[in-house]
Amino acid sequence: MKVIRPIIIFVIILLSVRSFAQNTHTIKGRITDATSGDPVPFANIGIKNTPSGTTTNFDGFYTLTFTPPADSILVTYIGYTTKSKAIADTVTQTIDVQLTPGALQLREVKIYAGENPAWAIMRKIVANRKKNNSENLDAYEYESYNKIQIDIDNLSEKFRNRRSVKKMTHIVDKYDEVKGDDGQTVIPIFISESVSNVYFRRDPKKKKEIINKTKVSGVGLTDGSFVSQIVGSSFQQYNFYNNWLNVLEKDFISPISDSWKLYYDYYLADSISNGTNYDYQIDFEPRQEQDLAFSGSFWIDGKTYALTQMDANVGKKANLNFIERIKIQTSYDLFDDDSTWVPTKTRVLIDVDEPTKQTAGLLLKFYSSNSNYKLNVPKGPKFFDSAIELKEDYMVHDSTFWNKSRPESLSKSERLSFQLVDSLKVLPVVKTYTEILNIFVNGYKRVDKWNIDIGPYLFLYANNNIEGNRLRLGFKTDPGFSRKWIVSGYGAYGFKDQKFKYGGGIDHIFSRKPWTMAGISYSKDLERLGLSAETIGTNTLFGAFSRFGTFRRAYYQEDVSMYFRREIVKGFTANVQLRHRTFDPLFDFAYRSQPQLGADSPLKSKYEITELNVETRLAGNETFLQNDNERISMGTGNSPAFTFRYTMGMKNFLQGDFNYHKFAVNVKQTFRAGVFGRTYYNLTLGYIPSTIPYTLLYTPLGNESLFYVDNAFNLMKYFEFISDRYLTLRVEHNDEGFILNRIPAVRKLKWRLLATGRVFYGQVSKKNLALASSVDAEGNPIQTFNELGNTPYLELGYGIDNIFKFGRIDAIHRLTYKNNPNVTPFALKISFWFSL
C-alpha cells in the first residue's frame, strides 16, 4: 500500500498536467502601425474579460498563453485606437493586428492625498541620470546596422489624378504589399541600408563613425557618397539622458531632464518585482500640448534607475509645421558588467502632413540596431580627425553580405520597395521633376552630356542705373568631369553701359582626408562699396537682389587671386590667399597719395592693391559631409566657432600701391537658453593700424530693402559708416513658442516670438581722416564718408516668426544717429523661409 499510494499520486499529477497542457492555448503574432507598417513595441495584449495578458517586444512580436474559454484579444497602447480580434478555437494560432494612430492621451489620473507616486521614482531617475548616460563612460564602440525608408502617402484624389502621378501609381498598384491597411497607395521613393562602426571617447569628447557598406536606392539621387554619409548611425541616435534632444533641427525637452516637473505630467502605470527590486513603467505627457515635448511611456530598472525602454511621441498640436506625428522608440540592454544599460535598438517614425488638401504626405522611417559593444577602451584623439568616414569599397557588396549583416530579414514590402524605387526613378516624368527640384534647391541645371551645371539662375537677370538690363550666365563642372578638378566661369553684359563682365576659376582637390584644396580665379565686374561679395557672405538671395536698384559709389574691379586651404586637424582649418585687385571708381573720389604734404599732396582716384590673407578657423564640434566636389557643414551644435583673419597689403609687389595690415577676430554661436528658447550671437572685433584710403577700411553691411537680412544692420544705409577699429555684435533670440504656447487665444497659430539686437561701434584714426580729400583734382567738392562719434550705432527689434508657417515680420527701431540724412528710425521688415 505504501508503494501504490505514491504511484497513484504521481499518475494523478501527470494526468492533471496533461489535462492542463491540453487546455492551454497559445497565440502568436505581431502588432504593427497601420500607417507606416512599422512594429509597435511595448503594446499591451490581453484576453478580453480575463487577467491573461502580455506585451510586445521591440520588434512588435508577442506570445500569449491562456486557458479557454476566450472570446477575443484586446490590443491597447498610448497613441493608438484600441483594437480587438476574435480568437479561433484552436490550440495554436497567429493573430497579427494593425493599430491606427489616435490621440496621444494618458489614462484618467486619479488624485490621491499626498505626493504623486511617480515623482519619487523620477527624482531617483534624475539623480542617477549622469551615471547611466553612456556619454559619461570613458569610451565606447559598437557595430551598427541602419535602415531608412521614405514613402509618399495620403495621396489626395486630385493629386492621384494628375497625369504625372498616375504614371507612378500605375507601377505601384501592381504591388499590393506596399499599400496601407486601408488599401491606399503608398509610393516608396527612398530606401537604404548601412553597416558601420561607431566610436566615442569622453575626454576630449570625440565621436566618429566609419561607414563600411551602404545600399542606397532613391528617386532623384545623383551622387551616392553624400547620401551614404547621412544614412549611417550618426544622425539616427537620440540620447534621452541629455536635457534636450535635437530632432529635425528643433530642441525637444527630455522627459527625464532636470526640468521634468516643469514640462511634464507623470503617471506610475505599473511596477513589477524583479526578485530584489521593482521595475517601473511610467507614462508621461506634456503640460502644454504646444510645447516641444513628448508623450508616451518609459520603463526603468529598479536597481540602477536606468532606462530599459523608451517610447516617446510628438503629436500634431506641438509647435511644429507640416509634422503629423513623430515617434521615437529605443530599447536598452544590460551590458556584461550588470550595471550599464546601453541602447541597442532605435526606431523613429516621422509622419509629414500634406501641405495642402490637393497634395500628398511623406512617411520617414528609421531603424537602427547596435551590437558588439566594447566599453572604456578609448581610441587616441588623432583617430577622431574625421567625424564621418566612408570606406573606399563602401559600395562593393552582395546579397550574402546583407543577409549576414541584417539583425532581421527584410519584410516582403521592404524587398518590393527596393524594386519599386528602381522602377520609378527611370520614368521620364520622375526625371523631369527631379531636374526641376535640383534647379530650385541648387540654382543650377545639370547637363549630363557635357558634365557641367549651368547657373546660378538667381543671377540670370538684374537691372540697375549703371548697367540697365543685365544678363548673366555661368557654369561649373560636376564630378562626371573630374573628381579632382573644378572649372567654373560666367559672362555678363550690361545693355546701358555696354560693357562685358566675366570671370572664371580653376580649383583642385589634392586630398579629401584631410580636406585640401587650392585654386586660382579671375573676374572683371561692376561692384559697389559696402556690398561686396565678402560683405554679403553666403546670403545668395540678398546678393542677387543687391544687383538691382540705384548703385551709389559703384566701381569697376579686376580681381585675380589664388588660394590654398587645408584642414590641419578636425575642426581647425587654415586658408592662405594671394590677391590682386584694381579700383576704378564711377563716383567722385580722391585720396592724397603723399599725405605727409597735407593739402599740397597730389590727388589720385584709382589704385591697385596686392594683399596676402591668412585665415584660421576653429570649430571643434563642427561636422562636415562631402557632397560631390564640395564640403557641407552640418553645424557646430551648441559650440562656438572662432575665426582669425590677417591681411597684409604689399606695396610695389604686383603693382600694389599700399602697405597695410588688417586684423579681425570673429566668434559666433547658437545655444539653448534653457526653457526660454534658442539664442544666436555673432561678435567681430577688428583693427586696421595702417593709413589707407577709406574705400579699403571696414564697412558694416547695411540693408535698404524691404526684407529682413540676418547678417546686416537692417536700418543702416549702404556705406553709411566706416571705421578702422571696430566692434560689431548681432544677437537674435527665438523663444520657440514658449510664451505664446501658454496663451489660449493664439497658441493654435504656433507663432514664435523674436528679439533681435545690432550694435556697431568704431572709429577712424586722424591719419586716415587726413588721407581722404573733400575736393577732387579740379577743386570741386566731393562726398567722403561718415564716421561714428563716441556713441555706438544701435538697433533693437522684436517680431513674430512662423506666420502662415513661412513668414516672419520684424519691427526694428534705430536708436542712435536718427538725424543722419535719409534714414528711417523705424521699419517693418519681412522675410520668408521654410521652417519646421
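Read on for a plain summary of the structure. The shown structure was predicted, so the numbers you read here are calculated from the model rather than taken from an experiment. Within every chain, residues take consecutive numbers counted from 1 along the sequence as written. For a predicted model such as this one, the threshold for reporting local features is a pLDDT of at least 70, and the threshold for listing and counting side-chain atom pairs is 80 or more; totals across whole chains, interfaces and linings nevertheless cover every residue. Computation of side-chain values covers all heavy atoms of the structure but excludes hydrogens and water.

**Some words on the overall build of the chain**
So, step 1. Only DSSP runs of H or I reaching four residues or more are called helices, and only runs of E reaching two or more are called strands; each is numbered from the N terminus. In terms of helices and strands, the chain carries 13 helices and 43 strands.
So, step 2. Considering the chain as a whole, with its 836 residues, one finds that 49% of them fall into the buried category.
So, step 3. Any pair of residues with heavy atoms lying within 4.5 Å of one another is described as a contacting pair. Pairs at least 24 residues apart make up 63% of the contacts formed inside the chain by residues separated by at least 6 positions.
So, step 4. Per-residue accessibility takes into account occlusion by the displayed protein chains alone, with areas from the Shrake-Rupley method and a 1.4 Å probe. Within the structure as shown, the chain displays about 41,200 Å² of accessible surface, and the carbon and sulfur contribution to it stands at 56%.
So, step 5. The charge count treats Lys and Arg as positive and Asp and Glu as negative. His and the chain ends do not count. Think of each charge as sitting on NZ of Lys, CZ of Arg, CG of Asp or CD of Glu. The averaged location of the 88 negative side-chain charges in the chain is 0 Å from the averaged location of its 104 positive side-chain charges. Burial status follows relative accessibility: with a 1.4 Å probe on protein chains alone, a residue under 20% of its type maximum counts as buried, one over 50% as exposed, and anything between as partly exposed.

**Some remarks on the sheet that holds strand 9 (residues 139-153)**
So, step 1. Criterion used throughout: strands pair if DSSP finds at least two bridges between them. On the basis of which strands lie adjacent, the open sheet formed by eleven strands has the order 14-15-16-17-18-19-20-9-10-11-21 and mixed pairing. Two strands bound the open sheet, and with one partner strand each, they are strand 14 (264-273) and strand 21 (388-390). The mean angle between the axes of side-by-side strands here comes to 15°, regardless of whether they run parallel or antiparallel.
So, step 2. Bridge count between strand 19 (residues 341-352) and strand 20 (residues 361-375): eight bridges; the pairing is antiparallel. Counted as the bridge partner of Thr346 is Ser368 from strand 20. Think of each axis as a best-fit line through the C-alpha atoms, taken over the contacting stretch in the case of a helix, with angles from 0 to 180 degrees between the N-to-C directions.

**A short note on the pattern of salt bridges**
So, step 1. Any Lys or Arg side-chain nitrogen located within 4 Å of an Asp or Glu carboxyl oxygen qualifies as a salt bridge. For the structure on display, the rule yields 42 salt bridges.
So, step 2. Between Glu467 and Lys501 there is a salt bridge; the shortest N-O distance is 2.9 Å. A residue pair is termed long-range when its members are at least 10 positions apart, and Glu467 in the loop between strand 24 (461-464) and strand 25 (468-477) and Lys501 in strand 27 (residues 499-512) qualify at 34 residues.
So, step 3. With a closest N to O distance of 3.7 Å, Glu527 and Arg547 form a salt bridge. Of this pair, Glu527 sits in strand 28 (residues 515-528) while Arg547 is found in the loop between helix 12 (540-545) and strand 29 (554-569), placing the two residues 20 residues apart along the sequence. Comparing Glu527 with Arg547 shows no difference in burial state: the two are buried.
So, step 4. Members of the salt-bridge network, linked through shared partners, are Glu467, Arg470, Asp497, Lys501 and Asp525.

**A few points about the pairing of strand 24**
So, step 1. In strand 24, alternate side chains face the same way, and those of Ala462 and Asn464 are buried while those of Tyr461 and Asn463 on the opposite face are not.
So, step 2. Sheet analysis places strand 24 next to strand 25, joined by four bridges and oriented antiparallel. Across the sheet, the residue bridging to Asn464 is Gly468, located in strand 25.
So, step 3. Hairpin connection from strand 24 to strand 25: three residues lie between these consecutive antiparallel strands.

**Topic: unusual backbone geometry**
Backbone phi values are negative for most residues with the exception of glycine, while trans is the configuration of most peptide bonds.
So, step 1. Backbone torsion omega between Gly455 and Pro456 reads -10°, so that peptide bond is classified as cis.
So, step 2. Omega for the peptide link from Lys513 to Pro514 comes to -5°, which places this bond in the cis form.
So, step 3. As for its placement among the helices and strands, Pro514 is situated in the loop between strand 27 and strand 28.
So, step 4. Positioned with a positive phi, Glu736 is a non-glycine residue whose angle comes to about 55°.
So, step 5. Residue position: Glu736 is located in the loop between strand 39 (725-734) and strand 40 (752-763).
So, step 6. For Glu736, a relative accessible area of 14% gives the class buried.

**Structural notes on the environment of Gly503**
So, step 1. For Gly503, the location among the structural elements is in strand 27.
So, step 2. Exposure remark for Gly503: the relative accessible area of 14% places this residue in the buried category.
So, step 3. On a C-alpha basis, the gap between Gly503 and Lys524 in space is 6.2 Å, while along the polypeptide they are 21 residues apart.

**Here's the deal with the nonpolar core**
So, step 1. In this structure, Ile125, Phe240, Tyr266, Phe294, Phe298, Leu307 and Ile326 are the most contacted members of the largest nonpolar core, which totals 50 residues.
So, step 2. Among the elements that line this core, the one with the most residues is helix 2 (residues 117-127), at five residues.
So, step 3. Those residues in contact with Tyr266 that sit more than four places away from it in its chain are Asn116, Ala118, Met122, Pro255, Trp260, Ile282, Asp283, Phe284 and Phe298.
So, step 4. We define a nonpolar core as any set of buried Ala, Val, Leu, Ile, Met, Phe, Trp, Tyr and Cys residues linked to one another through side-chain atoms lying within 4.5 Å. Core analysis: the second largest hydrophobic core is formed by 27 residues, Ile45, Ile47, Ile73 and Val97 among them.

These values are about where atoms sit, not about what they do.
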